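# Summary of structural features
Each chain is listed here by its residues.
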Amino acid sequence: MTIPSLRIPFALTTGLLVALILAGCEQEGPAEEAGRKIDQQAEQIGQQLEQTRDAVTEALEDAGDRVEQATDQLEDNGER
């Protein structure tokens, strides 16, 4: 067997391996699909937590403002 006679089978084998690898990468299996869904859910949960945090922060600031106003009114009433 000479080296030129090995080139064709080697080229065919290499081409088939590359084709199989690329075909395998294109198809999403159950694990990849589950991972993608988990990522999407985690992103949604993160957004909801951020919205909740913002709402709680705003509510606490409003409560603090009301306490400050009430304190100011009590101080004003006490001075009179």
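Refer to the structure printed above.
Residues numbered from 1 in each chain as written. Predicted model: local features only at pLDDT ≥ 70, side-chain atom pairs only at ≥ 80, totals over all residues. Heavy atoms only, no water.

## Side note on the overall build of the protein
Looking only at helices and strands, one finds two helices and zero strands in the protein. Accessible surface, the protein as shown: approximately 7,500 Å² in total, 59% of it carbon and sulfur. (Helix = DSSP H or I, 4+ residues; strand = E, 2+ residues; numbered from the N terminus. Areas by Shrake-Rupley, 256 points an atom, 1.4 Å probe, with all protein chains shown as cover.)

## Focus: the pattern of salt bridges
Counted under the stated rule, the structure contains two salt bridges. Across the salt bridge formed by Lys-37 and Glu-33, the nearest N and O atoms sit 3.3 Å from each other. Here Lys-37 and its partner Glu-33 are both found in helix H2 (residues 30-79), four residues apart, which amounts to about one turn of the helix. Of the residues examined, Lys-37 reaches a relative accessible area of 45% and is grouped as partly exposed. Glu-33 gets classed as partly exposed once you look at its relative accessible area, which sits at 31%. (Salt bridge = Lys/Arg side-chain N within 4 Å of Asp/Glu carboxyl O. Buried < 20%, exposed > 50% of the residue type's maximum accessible area, 1.4 Å probe, protein only.)

## Concerning a negative patch on the surface
A cluster of acidic residues, Glu-58, Glu-61, Asp-62, Asp-65, Glu-68, Asp-72, Glu-75 and Asp-76, forms a negative patch on the protein surface. Residue Asp-62 is classed as partly exposed on the basis of its relative accessible area of 35%. (Patch = residues over 30% accessible without salt bridge, like charges linked within 9 Å, V, L, I, M, F, W, Y side chains within 5 Å. Lys, Arg positive; Asp, Glu negative; His and termini not counted. Charge placed at Lys NZ, Arg CZ, Asp CG, Glu CD.)

## Points about a nonpolar patch on the surface
Residues Leu-17, Leu-20 and Ile-21 make up a contiguous nonpolar surface patch of about 330 Å² in total accessible area. With respect to the element layout, Ile-21 can be found in helix H1 (residues 3-26).

Geometric values such as these leave the question of function open.
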